[in-house]
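# Observations on the model geometry
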Amino acid sequence: MSALRIICILLIFFFILVLPTSNVIAATFTFIDSFDVSIAARGNTYGANSPRGVTFSADGTKMFLMTRAGDQPKFFEYSLGTAFDVSTIDVDNIVTIHNQNKDTHPHAIRFSNDGTKLFMTGNSGDDVTQYTLSSAWDITTRSYNGEASVNSEESHPTGLDFNSDGTKMFVTGVDSDKVHEYSLSTAFDTDADNDITLVRSHDISSQIDDARGLVFNSDGTKMFIGDADSDKIYEYDLGTAYSLSSVSLATSYDVSSQDGNIRGLAISNDDCKLFVTGDDGNDINEYTLSCSSDPSLSSSSPSDDGSCIATDADIVLTFSEAVDVESGNITIKKTSDDSTVETIDVTGGQVSGTGTSTITINPTDFTFGVEYYVLIDSTAFDDSSDNSYAGIS
């Protein structure tokens, strides 16, 4: 008979886990570069004044701009040599086309995920206009579909974004001092008033007086709104992704050194860059955001509060990505008195699996009827980019 001893019910292996949330954006904001879209810089054919909304193709190799100047508001399409890098815009390959006179005061622009639909807010009609593109991400193939009015909530809409699957739409603007959350009856469809239904609104008047631009990070847990009055970008945390049911101010970023009168916002697909248009300098300004891509603990065996554990069981940690053993300790303690049962050096023979997403720890056998918990130093495991697992403390 095997010497393996299984203790059920009476032995509880109490494993305290800290499971980090998805990647978040930290409060670091650094100016990188700007792109001058003005007529003086580009010539009358491909120059632009009064830049408004800005957005990118899914892969970041195309940038799109909405401009207001004159009686012929236009869409601009730029090609980028390096994704999400305005310094690599090809100034000899700029495409421009008018907005079919659907709004003389346009603001934000956004695309559907596949690039076959284009959306524009404007305060002439106080609505969200929808176009279809017969070729994805090619504004020259756009055709007008219709629009959905947001006038009941916002009579000067300037910011627009969607959730990841297009079933929710968010609008902000100058007059209401609020962000409005809508549900869409069909994903990425705003060509009629009955396509959208107001879910709730969130008041931002205590921070923002002139809301311009709105964008979410990739998982919907961060919301950014520009304020043309203070020349600041305000970052908000959302308790539930893509929901205004729980919103709290995280921080703000001052962009007045680069441009004034904020008009539009966009974010890179990895959440690590923010782009801001401004009226004063006719610029698109590029900033870095320090975004966390730290490895996280996906699961463990034994599981948290696990019972019916073998007294000689290994501890197996499964991470969100491959990790390397670095330095530090794994400490096993008794729950009853917080006394240390064993301290395991992660560089020793009791820890294996470096370079993979599964780390196995072979502790000394546990004792029948005792409850334990485990601590892990924050220096114990890194990924290939030297991002550290937060540990358990």
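These numbers were taken from a predicted model, which means no experiment stands behind them.

Turning next to the overall build of the chain. In terms of regular secondary structure, the chain is built from one helix and 30 strands. With respect to the principal axes defined by its C-alpha atoms, the chain has extents near 85 × 40 × 40 Å. Out of the 393 residues belonging to the chain, those deemed buried represent 49%. Carbon and sulfur atoms provide 43% of the accessible area of the chain, an area that totals close to 15,800 Å².

For the rest of this paragraph, the subject is the environment of S124. Looking at the element boundaries, S124 is found in the loop between β8 (117–122) and β9 (127–133). Classification of S124 by relative accessible area gives partly exposed; the value is 40%. Note: C-alpha distance between S124 and H156 (32 residues apart in sequence) is 8.1 Å. Apart from the residues within four sequence positions on either side, S124 is in contact with D103, T104 and H105. At 3.0 Å, the side chain of S124 and the side chain of H105 are in polar contact.

What follows covers the packing of aromatic side chains. Any aromatic ring pair is given by two values, namely how distant the centres are and how the planes are angled relative to each other. For the structure on display, the rule yields 21 aromatic pairs. Residues F56 and F84 carry aromatic rings whose centres are separated by 5.0 Å and whose planes lie at 50° to one another, so their mutual orientation is tilted. Here F84 lies in the loop between β5 (74–80) and β6 (89–98) and F56 lies in strand β3 (residues 51–56), a separation of 28 residues in the sequence. Taking relative accessible area as the criterion, F84 reaches 7% and is therefore assigned buried. Taking the centre distance of 4.6 Å and the plane angle of 55° together, the rings of F170 and F216 count as tilted. Here the residue F170 occupies a position in strand β12 (residues 168–173), and F216 occupies one in strand β15 (residues 211–216), the gap between them amounting to 46 residues. One residue, K102, lies across the ring of Y144, its end atom 4.0 Å from the ring centre.

With that out of the way, let us pick up the pairing of strand β26 (residues 340–345). Where strand β25 (residues 329–334) lies against β26, five bridges are found, and the strand directions are antiparallel. Counted as the bridge partner of T331 is T343 from β26. Hairpin connection, β25 to β26: the antiparallel pair is bridged by five residues, and D338 has positive phi, about 60°.

Residue position: K273 is located in strand β20 (residues 273–278). Using a relative accessible area of 19% as the deciding quantity, one classes K273 as buried. At 2.8 Å, the side chain of K273 and the side chain of E286 are in polar contact. For K273, the residues in contact, after removing those within four places along its chain, are I32, F84, D85, A266, I267, S268, E286, Y287, T288 and L289.

Counting buried positions along strand β13 (residues 178–184) yields five of seven residues, so the element is predominantly enclosed. Pairing of β12 with β13, which is carried by five bridges, proceeds in the antiparallel orientation. Directly across from K168, in β13, lies its bridge partner S183. By the bridge criterion, seven bridges tie β13 to strand β14 (residues 196–203) in an arrangement that is antiparallel. If you follow S183 over to β14, its bridge partner there is T197.

Bringing the sheet that holds strand β4 (residues 62–67) into the picture now. The strand order β3-β4-β5-β6 describes an open sheet built from four strands, whose pairing is antiparallel. At either end of the open sheet lies a strand with only one pairing partner, and these are β3 and β6. Going across the sheet, the axis of each strand differs from the next one's by a mean of 20°, ignoring polarity. The pairing of β4 with β5 spans six bridges and is classified as antiparallel. Its bridge partner being in β5, L65 is matched across the sheet by F76.

In this structure, L317, F319, I330, I359, I361, I376 and F381 are the most contacted members of the largest nonpolar core, which totals 22 residues. Secondary structure elements with two or more residues in this core: β24 (315–325), β25, β28 (356–361) and β29 (372–376). By residue number, the principal contributor to this core is β24, which donates five residues. Non-local contacts of I359, meaning those with residues more than four positions away in its chain, are made with I315, V316, L317, F319, V323, V325, V351, S352, G353, T354 and F381. Of all hydrophobic cores here, the second largest spans 17 residues; its members include F35, F56, M63 and L80.

This paragraph deals with the sheet that holds strand β7 (residues 106–111). Judged by pairing direction, the sheet is antiparallel, and its four strands sit side by side in the order β7-β8-β9-β10 without closing on themselves. Strand pairing shows two members of the sheet lacking a second neighbour, β7 and β10 (142–149), which therefore form its edges. Adjacent strand axes in the sheet meet at a mean angle of 25° when their direction is disregarded.

Reading the values: the criteria
- Residues numbered from 1 in each chain as written.
- Predicted model: local features only at pLDDT ≥ 70, side-chain atom pairs only at ≥ 80, totals over all residues.
- Heavy atoms only, no water.
- Helix = DSSP H or I, 4+ residues; strand = E, 2+ residues; numbered from the N terminus.
- Buried < 20%, exposed > 50% of the residue type's maximum accessible area, 1.4 Å probe, protein only.
- Areas by Shrake-Rupley, 256 points an atom, 1.4 Å probe, with all protein chains shown as cover.
- Contact = heavy atoms within 4.5 Å.
- Polar contact = N/O pair within 3.5 Å; in protein donor to acceptor, adjacent residues only side chain to side chain.
- Phe/Tyr/Trp six-rings, centres within 6.5 Å; stacked < 30°, edge-to-face > 60°.
- Lys NZ or Arg CZ within 6 Å of the ring centre and 35° of its normal.
- Pairing = 2+ DSSP bridges.
- Axes fitted to C-alpha atoms, helices over the stretch in contact; angles between N-to-C directions.
- Core = buried A, V, L, I, M, F, W, Y, C linked by side-chain atoms within 4.5 Å.

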